[in-house]
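Architecture and fold: a report
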Amino acid sequence: MTKVAAIVTFKAKPGKGDEVARLVGAALPQAKNEQPMPLWLVLQSEVDPDIVHIVDVFVDGAGRDNHLQDQTAAQIIATVPPHLASPLDIAPMRLIAAKGV
């Protein structure tokens, strides 16, 4: 079982959550090609739509470490920051239990 993950949190400027979600979601074609990342989710908060998360699950730590250099991350970094109220937050995680991964 994969044991590493990351959660990336984007805090959009007020009213820009839908745009941030759209821009992050537009990286899906690149994410589909990343072999060391079997699961990639983009989630938008229903409580605060200006909060968007990415949940990444990786096959190993090297895949997670290299992810910041890949095309998926590059596209997001190139398009999303102007719409953010604060810098994105990347939290490395240890996967404890999963279904479907």
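Residues numbered from 1 in each chain as written. Predicted model: local features only at pLDDT ≥ 70, side-chain atom pairs only at ≥ 80, totals over all residues. Heavy atoms only, no water.

1. Remarks on the confidence of the model for the protein
Quick note on the threshold: As a per-residue measure, pLDDT reflects the predictor's confidence and takes values from 0 up to 100. Helix and strand assignments come from DSSP, with helices taken as H or I runs of at least 4 residues and strands as E runs of at least 2, each series counted from the N terminus.
Averaged over all residues, the pLDDT of the protein is 93; the fraction at 70 or higher stands at 98%. Ranking the elements of the protein by mean pLDDT puts helix 3 (residues 61–67) last, at 89, and helix 1 (residues 17–25) first, at 98.

2. Here we look at the nonpolar core
We count it as follows: Note on terminology: a nonpolar core comprises buried Ala, Val, Leu, Ile, Met, Phe, Trp, Tyr and Cys residues joined through side-chain atoms within 4.5 Å. Exposed residues in this analysis have more than 50% of their type's maximum accessible area, buried residues have under 20%, and partly exposed residues fall in between, with area computed by a 1.4 Å probe over protein chains only. Residue contacts are counted whenever heavy atoms from the two residues lie within 4.5 Å of one another.
If you look at the biggest cluster of nonpolar residues, it comprises 19 residues, and the most contacted ones within it are F10, V20, V24, W40, I54, I76 and V80. Going through the elements one at a time, strand 1 (4–11), helix 1 and strand 3 (51–58) are the ones with two or more residues in this core. Those residues in contact with V20 that sit more than four places away from it in its chain are F10, A12, V52, V80, H83 and L84.

3. Focus on the layout of surface pockets
Applicable threshold: The rule is simple: put a 1 Å grid over the protein atoms alone, call a set of points where a 1.4 Å probe fits but cannot get out a cavity, call an open set with protein on both sides within 12 Å along at least five of seven lines a pocket, and count a residue as lining if it has an atom within 4 Å of a point. Grid points are joined across faces, edges and corners, and a volume is the space filled by probe spheres set on the points. Throughout, the ten residues Ala, Val, Leu, Ile, Met, Phe, Trp, Tyr, Cys and Pro are labelled nonpolar, Asp, Glu, Lys and Arg are labelled charged, and all others, Gly among them, are labelled polar.
Size it by volume and the largest pocket reaches roughly 250 Å³. If you go around the largest pocket, you meet 18 residues; those closest to its centre are V8, D56, H67, L68 and I90. At the level of elements, strand 1, strand 3, helix 3, helix 4 (71–79) and strand 4 (89–94) are the ones that each hand at least two residues to the lining of the largest pocket. Looking at the lining of the largest pocket, the element that brings in the most residues is helix 4, giving 4 residues. Its residues placed into classes, the lining of the largest pocket shows 13 nonpolar, 2 polar and 3 charged.

4. Quick notes on helix 4
Quick reminder of the rule: This arc describes the spread of directions from the helix axis toward the C-beta atoms.
What helix 4 keeps buried is the set T72, A73 and I76. All buried residues of helix 4 lie within an arc of 95° about the axis, which places them on one face of the element. Along helix 4, exposed side chains directed more than 90 degrees from the buried face belong to Q71 and A78. Taken together, the buried residues of helix 4 touch strand 1, helix 1, helix 2 (28–32), strand 2 (39–44), strand 3 and helix 3.

5. Examining the sheet that holds strand 1
Put simply, the rule reads: Being paired, for any two strands, means DSSP has found at least two bridges between them. Convention adopted: a line fitted to C-alpha atoms gives each axis, helices being fitted over their contacting stretch, and angles between N-to-C directions are expressed from 0 to 180 degrees.
Read across the open sheet, the 4 strands follow the order 2-3-1-4; overall the sheet is antiparallel. Because the sheet does not close on itself, it has two edges, and the strands there are strand 2 and strand 4. Adjacent strand axes in the sheet meet at a mean angle of 15°, parallel and antiparallel pairs treated alike. Relative to strand 3, strand 2 is paired through 6 bridges, and the arrangement is antiparallel. Bridging across to strand 3, W40 finds its partner in D56. In the packing of helix 1 onto the sheet, contacts are made with strand 1, strand 2 and strand 3, and the angle to strand 2 comes to roughly 170°.

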